[in-house]
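# A closer look at the structure
Now for the letters of each chain:
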Amino acid sequence: MTRLSRRAFALAAGTAGLSLAAPGVLHAQSTGRLVVIGGGFGGASAARYARIAFPRLDVTLIEPKATFVTCPYGNLLLAGERTLPQITHSYDGLKARGVRVVQDWADGIDATAKTVRLRGGQTVPYDKLILSPGIAIRWNAIEGYNEAAAEALPHAWVPGAGEQTTLLRRQLEALPDGGVVGFAIPPNPFRCPPGPYERISMVASYLKKHKPRAKIIALDAKDAFSKQGLFQDAWNELYPGMIEWVPLNKDGRVTKVDAREKVFETELGTRHKVDVGNVIPPQSAAKIAIDAGLTNETGWVPVNPLTFESVRARDIHVFGDANIGQVMPKSGYIANSTSKVAVAAAAAALEGRPAPGPTVYFNTCYSHVGDEYGISVVGVFRPTETGFAETPNSGGVSPRGPLAQQREQRRLEALYADAWYASITKDAFS
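Predicted, not measured: the structure shown is a model, and the values here were computed from it.

Given two aromatic rings, their pairing is described by the distance between the two centres and the angle made by the two planes. Applying the stated criterion across every chain, the model contains 16 aromatic pairs. Measuring from centroid to centroid gives 5.8 Å for tyrosine 361 and phenylalanine 388, while their planes differ by 65 degrees, and the two rings are edge-to-face. Of this pair, tyrosine 361 sits in strand β20 (residues 361-370) while phenylalanine 388 sits in strand β22 (residues 388-390), and the two are 27 residues apart along the sequence. The pair formed by tyrosine 361 and phenylalanine 388 is uniform in burial state, with each residue classed as buried. Through a chain of ring-to-ring contacts, three or more aromatic side chains come together here, namely Tyr197, Phe225, Phe231, Trp235 and Trp245. For the cation-ring pair, arginine 169 lies above tyrosine 206, with the distance from its terminal atom to the ring centre recorded as 4.6 Å. Between lysine 330 and the ring centre of tryptophan 300, over which it is positioned, the NZ or CZ distance is 3.9 Å.

Structure representation (structure tokens):
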């Protein structure tokens, strides 16, 4: 167990990061310094849980933004059913719990010295590092799609301050009735597997009300997707004739874009002219995980499935979208639930105890498809010697059937979705 007195901590911090590691931030009888990089669902949940469950840990959260805009419910913003402030969350709740929030970029990790280098020039020492940095977009994985192209064909997949999502919303508002909205959807794995299809649904909901002659073409690099039957049932009933989904086996993979002409070109050379285009490009773990040498040839971080400790660096636990969590989806729910396992394992190691177990991981994912129309999928997973496995005969999806028979179920699931969002954001940021 690592125990640091105020004086010992001050001495340890004497050569690096003096201002950030000042004795005044260390809680009495601290069992160690837990530093969290990334203030999304995973990182914020980890910091909050650490302060509640392990109050003797000294917890620092490093996050460059002052607030967090969620990817979940960004699709409802596109439909005009949410505003940006309604999906934006501050870190005031974490600060009130005693989390030291450092607003800066984490530019580098020294796994040997156990320090984090900040863009502002300071250095933060840690005993255990919790890394939940999310994803990076693989620019130019689709020819012609770079940061400049994203200003014409927004991805709206990395929230930032909400710029990309609000840009896509403005483009939809400017779309002429009778125009075409195009989607380019990546192969697995990527953040939020049902997300593109909820987005298609929410855009269709908006178009049905305001531009009923408009069309949607969804070009997909896969032949199947999460909750496919439920989504397609809903599209046929709610938006008949509006949505064309083109799978991989029908030349659905977009390989090139022309941002100026707003053209999507597929593998076999078919060119699709659109009026508004949403490109969701292939992704990898965030840059800091790559730079730290934590990723492998897949672009994602391999971890111990019991503790989420990196297999490439001791005392660094990586969870959320950045790790190799298959078969678990890259979702906010998984980031939230696995963050607690990682923190518990890190705290146990600092106190000389074995990691708690056995562990079970849960995921629930709701999708809005239309007005008072929600669907969901539930998964239960366990760690294995080689990764993660879905527990047999567990989980499931919403029942299929015509709206006339399932209306109450769909209405309730839309309410459950809203309750889920309120609950998980409270569990992460309050």
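Once you've had a look at it, read on.
What follows is about the UniProt feature "domain: FAD/NAD(P)-binding" (unreviewed entry) in the chain. Following the UniProt record, one finds the feature "domain: FAD/NAD(P)-binding" (unreviewed entry) at residues 33-148. Secondary structure across residues 33-148 comprises 20% helix and 34% strand; the distance between its end C-alpha atoms is 40 Å.

Next up on the list: the sheet that holds strand β19 (residues 316-318). Spatial strand order, β5-β2-β1-β9-β19: 5 strands in an open sheet with parallel pairing. In this open sheet, the two strands that pair with only one neighbour each are β5 (100-102) and β19. Strand-to-strand twist across the sheet, computed as the mean angle between neighbouring axes with direction ignored, equals 20 degrees. Pairing of strand β9 (residues 128-131) with β19, which is carried by 3 bridges, proceeds in the parallel orientation. In the strand pairing of β19, leucine 129 is matched with isoleucine 316. Helix α2 (residues 41-53) rests against β1 (32-37), β2 (57-62) and β9 of the sheet, and its axis sits at about 160 degrees to β2. This element, helix α9 (residues 332-350), spans β1, β2, β9 and β19 of the sheet and lies at about 175 degrees to β9.

When the domains of the chain are assigned, the result is domain 1 (29-64 + 104-138 + 284-356) and domain 2 (147-283). Domain 1 puts 11 residues into the contact, and the matching count from domain 2 is 11 residues. Carbon and sulfur atoms supply 67% of the area that domain 1 and domain 2 bury against each other, a total of about 960 Å² over both sides. Remark: the boundary between domain 1 and domain 2 carries 1 salt bridge. Aspartate 321 is paired through a salt bridge with arginine 191; the nearest N and O atoms lie 2.6 Å apart. Run the count over domain 1 and domain 2 and you get 3 residue pairs in polar contact (both at pLDDT 80 or more). Per-element accounting of the side of domain 1 that touches domain 2 gives the leading share, 3 residues, to strand β10 (residues 135-137). Taken together, the residues of the side of domain 1 that touches domain 2 sort by class into 5 nonpolar, 3 polar and 3 charged.

Our next topic: the nonpolar core. Generally speaking, a soluble globular protein has its nonpolar side chains buried in company with each other. Of all hydrophobic cores here, the largest spans 71 residues; its most connected members are Ile37, Ile62, Val116, Leu131, Phe308 and Ile316. Among the elements that take part in this core, α9 stands out by supplying 9 residues, more than any other. Of the residues that make up this core, three or more belong to each of domain 1 (29-64 + 104-138 + 284-356) and domain 2 (147-283).

For the structure shown, the criterion picks out 2 cavities of 30 Å³ or more. In this structure, the second largest cavity occupies an estimated 60 Å³ of space. Every residue along the wall of the second largest cavity is listed here: Phe308, Gly320, Asn323, Gly325, Gln326, Met328, Pro329, Lys330, Ile334 and Thr338.

Since the α-helix turns once every 3.6 residues, residues separated by three or four places project in the same direction. The terminal C-alpha atoms of helix α10 (residues 403-429), which comprises 27 residues, lie 36 Å apart, in line with the 39 Å expected from a rise of 1.5 Å per residue. A maximum bend of about 30 degrees is found in α10 at glutamine 409. Buried within α10 are the following residues: Leu403, Gln406, Arg410, Glu413, Ala414, Ala417, Trp420, Tyr421, Ile424, Thr425, Ala428 and Phe429.

Let us now look at the sheet that holds strand β17 (residues 276-279). Taken together, 4 strands build an open sheet; the order of strands is β13-β12-β11-β17 and the sheet is parallel. Looking at which strands have only one partner, the edges of the open sheet turn out to be β13 (243-246) and β17. Adjacent strand axes in the sheet meet at a mean angle of 15 degrees when their direction is disregarded. Sheet topology note: the strand β11 (residues 180-185)/β17 ladder contains 4 bridges and is parallel. Along β17, the bridge assignment pairs phenylalanine 183 with asparagine 278. Sheet strands in contact with helix α5 (residues 163-174) are β11 and β17, and its direction is about 155 degrees off that of β17. Sitting on the sheet, helix α6 (residues 195-210) touches β11, β12 (215-220), β13 and β17, and the angle it makes with β11 is about 175 degrees.

Using the criterion set out here, one finds 21 salt bridges in the structure. Put simply, aspartate 107 and arginine 119 hold a salt bridge, and the shortest N to O gap is 3.1 Å. With aspartate 107 in strand β6 (residues 106-110) and arginine 119 in the loop between β7 (115-118) and β8 (123-125), the pair connects residues that are 12 residues apart, well separated along the chain. We note a salt bridge from aspartate 427 to lysine 340, for which the minimum N-O separation is 2.6 Å. Taken together, the residues span a long stretch of sequence, with aspartate 427 in helix α10 and lysine 340 in helix α9 at a distance of 87 residues. Overall, the relative accessible area of 22% leaves aspartate 427 in the partly exposed class. Its relative accessible area of 24% is what places lysine 340 among the partly exposed residues. A single salt-bridge network, built from bridges that share partners, covers Lys114, Lys128, Glu309 and Asp315.

What counts, and at which threshold
- Residues numbered from 1 in each chain as written.
- Predicted model: local features only at pLDDT ≥ 70, side-chain atom pairs only at ≥ 80, totals over all residues.
- Heavy atoms only, no water.
- Phe/Tyr/Trp six-rings, centres within 6.5 Å; stacked < 30°, edge-to-face > 60°.
- Helix = DSSP H or I, 4+ residues; strand = E, 2+ residues; numbered from the N terminus.
- Buried < 20%, exposed > 50% of the residue type's maximum accessible area, 1.4 Å probe, protein only.
- Lys NZ or Arg CZ within 6 Å of the ring centre and 35° of its normal.
- UniProt positions renumbered as here; feature names shortened; annotations may be inferred.
- Pairing = 2+ DSSP bridges.
- Axes fitted to C-alpha atoms, helices over the stretch in contact; angles between N-to-C directions.
- Contact = heavy atoms within 4.5 Å.
- Domains from an automatic or database assignment.
- Buried area = accessible area lost by both parts, 1.4 Å probe.
- Salt bridge = Lys/Arg side-chain N within 4 Å of Asp/Glu carboxyl O.
- Polar contact = N/O pair within 3.5 Å; in protein donor to acceptor, adjacent residues only side chain to side chain.
- Nonpolar A, V, L, I, M, F, W, Y, C, P; charged D, E, K, R; others polar.
- Core = buried A, V, L, I, M, F, W, Y, C linked by side-chain atoms within 4.5 Å.
- 1 Å grid on protein atoms, 1.4 Å probe; cavity = no way out; pocket = protein on both sides within 12 Å on 5 of 7 lines; lining within 4 Å.
- Points joined across faces, edges and corners; volume = space filled by probe spheres on them.
- Expected span 1.5 Å × (residues − 1).
- Bend = angle between axes of the 7 residues up to and from the residue.

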